Amino acid sequence: MPTLPKGYLTPKQYLEIERNAEFRSEYFQGEMFAMSRSNYQHVSIVSNVIAELGQQLRRSSCRPLSNDMRVSVAPTGLYTYPDIVIVCGEPQFVDSNLDTLLNPP
């Protein structure tokens, strides 16, 4: 039985689908990948690290953000939700939706 070829999604198509989706997905090389769910231990560790980073960075222009912030990794074309991302200075976004960060260090 032949398999159906996978369709290629552009980053713009991915963002349109993702912004309307009930569950999160990441994007790489034209494909969307469903993300697994978190558990209590994972969320607890991320929360503790964000709190500590916030204290360490409080006198700088940098601040930590949680896994709710999607990041576009320009060199690879990856769109991902890292557990923690740090942004320094003025955040830059892919568009006016302000939901996809372009400039983590």
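Cut-offs used in this document
Residues numbered from 1 in each chain as written. Predicted model: local features only at pLDDT ≥ 70, side-chain atom pairs only at ≥ 80, totals over all residues. Heavy atoms only, no water. Core = buried A, V, L, I, M, F, W, Y, C linked by side-chain atoms within 4.5 Å. Buried < 20%, exposed > 50% of the residue type's maximum accessible area, 1.4 Å probe, protein only. Contact = heavy atoms within 4.5 Å. Helix = DSSP H or I, 4+ residues; strand = E, 2+ residues; numbered from the N terminus. Polar contact = N/O pair within 3.5 Å; in protein donor to acceptor, adjacent residues only side chain to side chain. Disulfide = S-S within 2.5 Å. Expected span 1.5 Å × (residues − 1). Phe/Tyr/Trp six-rings, centres within 6.5 Å; stacked < 30°, edge-to-face > 60°.

**Q** A description of the nonpolar core should follow, citing residues and the corresponding values.
**A** Among the nonpolar cores identified, the biggest contains 6 residues, and these are Leu9, Tyr14, Leu15, Tyr27, Tyr79 and Tyr81. Ignoring anything within four residues of it in the chain, the contact list for Leu9 reads Ile17, Tyr27, Gly30 and Met32. Core analysis: the next-biggest nonpolar cluster, separate from the first, contains 5 residues, Met69, Val85, Val87 and Leu101 among them.

**Q** Give a description of the environment of Asp99 that names residues and reports values.
**A** Examined against the element boundaries, Asp99 turns out to sit in the loop between β6 (84-88) and β7 (100-101). If we skip the residues at most four places from it in the chain, Asp99 touches Arg19, Met69, Arg70 and Phe93. Of note is the side chain of Asp99, whose polar atom sits 2.8 Å from the side chain of Arg19. A polar contact is formed between the side chain of Asp99 and the side chain of Arg70, at a distance of 2.9 Å.

**Q** Give a detailed account of the state of the cysteines, specifying residues and quantitative values.
**A** Enumeration according to the criterion identifies 1 disulfide in this entry. A disulfide bridge connects Cys62 with Cys88, and the sulfur atoms are separated by 1.9 Å. Negative torsions about the S-S bond denote left-handed disulfides, and the value of about 105 degrees found for Cys62 with Cys88 makes this one right-handed. Of this pair, Cys62 sits in strand β3 (residues 62-66) while Cys88 is found in strand β6, placing the two residues 26 residues apart along the sequence. By relative accessible area, which is 16% here, Cys62 ends up buried. Residue classification places Cys88 among the partly exposed positions, given a relative accessible area of 30%.

**Q** Can you lay out helix α2 (residues 40-56) for me, pointing to particular residues and giving the numbers?
**A** An ideal rise of 1.5 Å per residue puts 24 Å on 17 residues; α2 measures up with 24 Å between its terminal C-alpha atoms. Sitting at the head of α2, Asn39 places a side-chain oxygen 3.2 Å from the backbone nitrogen of Gln41.

**Q** Can you lay out the packing of aromatic side chains for me, pointing to particular residues and giving the numbers?
**A** Under the counting rule described, the total for this entry stands at 3 aromatic pairs. On the numbers, 5.5 Å between centres and 55 degrees between planes, the contact of Tyr14 with Tyr79 is tilted. With Tyr14 in helix α1 (residues 11-20) and Tyr79 in strand β5 (residues 78-80), the pair connects residues that are 65 residues apart, well separated along the chain. Under the relative-accessibility criterion, Tyr14 is labelled buried at 0%. Ring plane angle 80 degrees and centroid distance 5.6 Å describe the contact between Tyr27 and Tyr79, whose orientation is recorded as edge-to-face. Of this pair, Tyr27 sits in strand β1 (residues 25-28) while Tyr79 sits in strand β5, and the two are 52 residues apart along the sequence. Tyr79 shares its class with Tyr27; the two are buried. Aromatic ring contacts, followed pair by pair, group Tyr14, Tyr27 and Tyr79 into a single cluster.

Function cannot be inferred from these measures alone, as they are strictly geometric.
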